[in-house]
Each structure stands twice: as structure tokens, then as C-alpha cells.
Amino acid sequence: MKVLVVGSGGREHALAWKLSQSSLVDKVYVAPGNAGTQLDAENVPISELDFPKLIDFAKTQRIDLTVVGPEGPLSRGIVDAFEENGLRIFGPNAKSAQLEASKIFCKKTLTKALAPTARYQVFQGAEEAYDYIRSSDEGRFVVKADGLAAGKGVIVCHNKLEAEDAVRVICEERAFGSAGDRFIIEECLDGQEASVLAITDGHTIMTLQPAQDHKAAYDGDKGPNTGGMGAYCPASLVDSRKLQWIEENVLLPTVYTLNRMETPFKGVLYAGLMMTPTGPQVLEYNARFGDPECQPLLSRLRSDLFTVMQATVDEELDKLEPLDWDPRPAVCVVMASEGYPGSYAKGHEIFGLDEVAKTPDVKVFHAGTTIDASGVVRTNGGRVLDVVALGDTVAQAKAKAYEAVKKISWNGSWYRTDVADKEINANR
Ligand code: AMP
Ligand code: GLY
């Protein structure tokens, strides 16, 4: 079988790596991929948004299954376009990908599903939002642009002035363009965050083991938000009892509600949760694997991912055995470019990759890398590498990951030094 993975980050490298291990898969292509995907698969120089060229490639190469990594192509209808051409593809169609692409659609779905989520109100204009904030009894607010805003459309505000400022940024400065045409203001929740992902064919769900992301740039969760500076799996803050509760009260009702709304969802349903003192609350849904959560998750998954994805497309997940996991925890440390999540330079030579490639139980997934004409791997993004290690304990996995990280460098490389510490300290 031939597989095409669409995307170019660490998540797509992990997907290509895992799919290429399937005994059913002969060949994996990645479009457009990066320097790392070129090692585990074959890159195809087609942008993730160039649907006509991707479809043409899938037809001429007789691709059996296309797997989409990022939200951009999903929300713009890559699944619809492939299906219209009779091609098999894993992921939600544009209508159901609104679960991620529209915060308002997401909140409406959660409300209909009776799933726990912060109280919210929808706004279109600045004035009514200012009035709402000024007359509210709340002291803190979260202001969210409705549409996709490259992970930056959520502003957590600690007082009314900050909330008014957030409304100004969205409505008057139009910082997120049309993604901010409508926005929501919601109650601010406290707790630790967890990512619970499930693969669903629209009827059956296969819940993956819980993971935790590290969204803040710097140690101690300080600094600006990023796409994620590290992750580990499993996250014991979601124990098996809580995971079952989340399945029954969040994931299954969501799948059922989406069916009732005539937007059946197939693909990865990713719940971003706040574990509050009164129980889990859904902060958001994503319609795809998390990046970097995907990297430690797939590093631990023993089941054949290709079979699971095929069964999802065929709506036959109920026929599969439960997922099989490596019992060892996995820790993923993201190495980033100087300046990220702000502006950063590209093109720095990366040193140390060959040495780390020989380390057992360590895998380096590439995120923002490229390979030049002379074969030198260079930085090509803000998040550059995802170093994943498995260990008998989380502390051992962390130590192994950082041992590898310290062997890799480029001009201006940096990383958080406390990935998985919350897990390690909680279980001391
Ligand atoms: P989202 O894209 O909705 O997950 O929001 C991004 C980040 O904003 C989350 O990971 C949380 O850290 C934070 N956030 C979102 N909604 C809330 C909320 N209601 N209360 C507190 N923090 C939130
Ligand atoms: N790791 C957060 C995300 O993928 O959205």
C-alpha cells in the first residue's frame, strides 16, 4: 500500500515514521515534508494547500490512503476535494473540521452535547463587548477570535482593562483579520491542562493515552504562548477513572451530537482540557493530532496505525482490537530557533544529529528543517526538532531526552529544561 502524508512539521514526521513501520505499507510520501521526513519516507515538493496538485499526485501514484496532519488543509476542505475525486483520505471534512476552525461552532457543539465547558458569550462588535466586560461580575476573562489564528487568537485576561484591550486588538486593530469578525468572551478557568485525543470513525471512538503539552515558551510556564515546547505521555493527571469520565461525558456525546447536527466527524478528535477542582472542562477541540503531543503518543503506540486509519475511513473501528501501548512513558523536548515564537532566522547548520541517531529509545523528529544541495541539514522554522525518548520512568525518559538534546546544537538553539517536571514532581 502507498500512503501520502500531508504537512511538514514534527507531527507529520512522526506520522510518516509510524506509518512506514506498518507491514501493510510499502511506501510513504510526505508533501512537502522536511529534512527528517526525507530519511523515513520520500518528500514530494507540493504545498499542503495545493489540492489540485496533491490530488493529481495521489491519482498518478495510486496512493491508497492520504493522511492529513495540519488544520489548515482540513478546514479548507482537503478531505472533501479528495473524496470528490474518489480518493481515500483520513481526516474530517471541512464542515466537521469547523470544530477547530470556529470557536463558536465548537462551543455550540459542546453545549448541545452537554459537555462541560466554560460559560461564554458570542460578540460581533466592540461596543457590546466593552459593555459586557464593564458590567460583568467577573474579574478575569478569556477573549477568543472565532476563526483560525495560528494558535494566537486566544487572549487570557487578568482584569477588565486587559479584556477591553483584547477586544480592541481583535476588533479595531484586526490583529487576526477576518478570523476576528466574531469572537467570544468566556469564563477564565484554573487548573492544569491535558490533551485527550481519540480516533473516531463517527460511530466508535478509540481514545489515545492522555498527554500534556507545554505551551509557554520558558521554564515554569513563563513567557509567551507557543505551538508547544514539549510534551509527555501518559499524563497521570488524567488517571484511568478520569479518562473514562472524559470518554463518556465529553468525547462520545460530542461524536453523537455532531452526527445529530449532520456533521459526522471522522479523524482525530483532540480535546484540550482544563482539569479544574470541580472536574475536567473542555477548552477547545482540535480536528487533528496535536503537535508535539503526536510525537510521544506515536512513539508509544504499538498497534498498526495504518490499520486504524483504514478502519476509520471505512467506519469499521468497532471491528478492531483495543490499542496496544508500550508501557514506558515518552518525553518529547522541542528545540527552537532564537527569537521563536517571535521572528527568527533560518538556515543555520544543525550539528549532532548523526550521533543522536544511534541512541537506543531516542528518536529525533524534525519540525522546521531543510536539507541543502550539499546534504547539510539546516533550520527552517521556529520549532526545529522534537527529541523523544522512552524510559522506564518519566524521570528516566526526561533524562534520556535531555542527554540527546545536549548533543544537538545550532546557532541560537534553545529549549525548555523542565519538560515533564510537573509529572515527575506530582509522583514524588
Ligand atoms: P485554546 O486555543 O482555546 O485551547 O486556548 C489556548 C490556551 O488558552 C489554552 O491552552 C489555555 O492555556 C488558555 N485558555 C483557553 N481557554 C481558557 C479558559 N476558559 N480559561 C483559562 N485558560 C484558557
Ligand atoms: N499542541 C497543541 C496543538 O497542537 O494545538
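Note that the structure is predicted; figures quoted are calculated from it, not measured.

Draft legend 1. Layout of the packing of aromatic side chains. All told, the structure shown has seven aromatic pairs when counted by the stated rule. Between Trp17 and Phe365 the ring centres are 5.2 Å apart and the planes differ by 75 degrees, which places this aromatic pair in the edge-to-face class. Of this pair, Trp17 sits in helix α1 (residues 10–20) while Phe365 is found in strand β19 (residues 362–366), placing the two residues 348 residues apart along the sequence. Among the residues examined, Trp17 registers a relative accessible area of 16% and is labelled buried. A ring pair is formed by Tyr402 and Tyr415, whose centres lie 5.9 Å apart and whose planes are at 50 degrees; its orientation type is tilted. Placement of the pair is Tyr402 in helix α14 (residues 394–407) and Tyr415 in the loop between α14 and α15 (421–426), with a sequence separation of 13 residues. What links up through ring pairs into an aromatic cluster is the set Phe123, Tyr132 and Phe183.

Draft legend 2. Summary view of the site of ligand 2. Taken together, Asp213, Gly227, Tyr270, Asn286, Arg288, Gly290, Asp291, Pro292 and Glu293 make up the full set of residues adjacent to ligand 2. The separation between a nitrogen atom of ligand 2 and a polar side-chain atom of Asp213 is 2.8 Å. Contacts to ligand 2 include Asn286, whose side-chain N or O atom sits 3.4 Å from an oxygen atom. Here ligand 2, which alone exposes 200 Å², has 88% of that area covered by the protein.

Draft legend 3. Focus on the environment of Pro32. Along the chain, Pro32 falls in strand β2 (residues 27–32). Sequence-wise, Pro32 and Glu48 are 16 residues apart; in three dimensions their C-alpha atoms are separated by 6.6 Å. Ignoring sequence-local partners within four residues, the contact set of Pro32 consists of Gly7, Ser8, Asn43, Val44, Ile46 and Glu48.

Draft legend 4. Summary view of the pairing of β19. In terms of residue burial, β19 counts as a mostly covered element, since four of its five residues are buried. In the sheet, β19 pairs with strand β22 (residues 383–390) via five bridges, with the strands oriented antiparallel. Counterpart to Lys363 in the pairing with β22 is Val388.

Draft legend 5. Seen up close, the sheet that holds strand β10 (residues 192–200). One open sheet accounts for four strands, arranged β11-β10-β16-β17; its pairing is antiparallel. Strands with a single pairing partner mark the edges of an open sheet, and in this sheet they are β11 (205–207) and β17 (279–286). Taking the axes of each pair of neighbouring strands and ignoring which way they run, one obtains an average angle of 35 degrees across the sheet. In this fold helix α12 (residues 305–313) packs onto β10, β11 and β16 (267–276), with an angle of close to 70 degrees to the strand it touches most, β10.

Draft legend 6. Looking closely at the site of ligand 1. Around ligand 1 lies a shell of 15 residues, among which Glu186, Glu187, Leu189, Glu193 and Glu284 are the nearest. Contact between ligand 1 and Leu189: a nitrogen atom at 2.8 Å from a main-chain N or O atom of the residue. One of the side-chain N or O atoms of Lys215 is found 2.9 Å from an oxygen atom in ligand 1. When the residues that make up the shell around ligand 1 are grouped by side-chain class, the tally is eight nonpolar, no polar and seven charged.

Draft legend 7. Just the environment of Asp213, in detail. Examined against the element boundaries, Asp213 turns out to sit in strand β12 (residues 212–213). Of the residues examined, Asp213 reaches a relative accessible area of 13% and is grouped as buried. Distance from Asp213 to Met229, taken between C-alpha atoms, is 7.4 Å for residues 16 residues apart in sequence. If sequence neighbours within four positions are ignored, Asp213 has contacts with Ser195, Gly227, Gly228, Met229, Gly230, Ala231, Pro292 and Glu293.

Draft legend 8. The arrangement of helix α3 (residues 51–60) in detail. Along α3, the residues that are buried comprise Phe51, Leu54, Ile55, Phe57 and Ala58. Each buried residue of α3 sits inside an arc of 160 degrees when the element is viewed along its axis, so together they form one side. Turned more than 90 degrees away from the buried face of α3, the exposed residues are Pro52, Lys53 and Thr60. At the C-terminal side of α3, Arg62 shows a positive phi close to 50 degrees.

Draft legend 9. How the structure looks around α12. For α12, the buried fraction is high: eight of the nine residues fall into the buried class. All of the buried residues along α12 are Leu305, Phe306, Val308, Met309, Gln310, Ala311, Thr312 and Val313. By the N-cap criterion, in which a side-chain oxygen at the helix start approaches the backbone nitrogen of a residue two or three places on, α12 is capped by Asp304, the distance to Phe306 being 3.3 Å. Where α12 terminates, the next one or two residues include Glu315, which has phi positive at roughly 55 degrees.

Draft legend 10. Quick look at the pattern of salt bridges. In total, this model carries 27 salt bridges according to the counting rule given. For the salt bridge of Arg174 with Asp181, the shortest nitrogen-to-oxygen distance reads 2.8 Å. On the basis of relative accessible area, Arg174 is assigned to the partly exposed category, the value being 38%. For Asp181, a relative accessible area of 38% corresponds to the partly exposed category. Each of Asp221, Arg416, Asp418 and Lys422 takes part in salt bridges that share partners, so that together they form one network.

Draft legend 11. Focus on the pairing of β22. With eight of eight residues buried, β22 is to be regarded as a mostly interior element. Sheet topology note: the strand β18 (residues 330–336)/β22 ladder contains seven bridges and is antiparallel. Counted as the bridge partner of Met335 is Leu385 from β22.

Draft legend 12. Seen up close, the packing of α1 against α12. The contact between α1 and α12 brings their axes to 8 Å, and the two run at 100 degrees. One finds that α1 runs roughly perpendicular with respect to α12. Residue-level contacts link Leu15, Lys18 and Leu19 of α1 to Leu305, Phe306 and Met309 of α12. Here the contact of α1 with α12 is built from residues that sort into five nonpolar, no polar and one charged.

Thresholds applied
- Residues numbered from 1 in each chain as written.
- Chains lettered and ligands numbered in written order.
- Predicted model: local features only at pLDDT ≥ 70, side-chain atom pairs only at ≥ 80, totals over all residues.
- Heavy atoms only, no water.
- Phe/Tyr/Trp six-rings, centres within 6.5 Å; stacked < 30°, edge-to-face > 60°.
- Helix = DSSP H or I, 4+ residues; strand = E, 2+ residues; numbered from the N terminus.
- Buried < 20%, exposed > 50% of the residue type's maximum accessible area, 1.4 Å probe, protein only.
- Near = heavy atom within 4 Å.
- Polar contact = N/O pair within 3.5 Å; in protein donor to acceptor, adjacent residues only side chain to side chain.
- Areas by Shrake-Rupley, 256 points an atom, 1.4 Å probe, with all protein chains shown as cover.
- Contact = heavy atoms within 4.5 Å.
- Pairing = 2+ DSSP bridges.
- Axes fitted to C-alpha atoms, helices over the stretch in contact; angles between N-to-C directions.
- Nonpolar A, V, L, I, M, F, W, Y, C, P; charged D, E, K, R; others polar.
- Arc of directions from axis to C-beta.
- Salt bridge = Lys/Arg side-chain N within 4 Å of Asp/Glu carboxyl O.
- Parallel < 35°, antiparallel > 145°, perpendicular 65-115°, else oblique.

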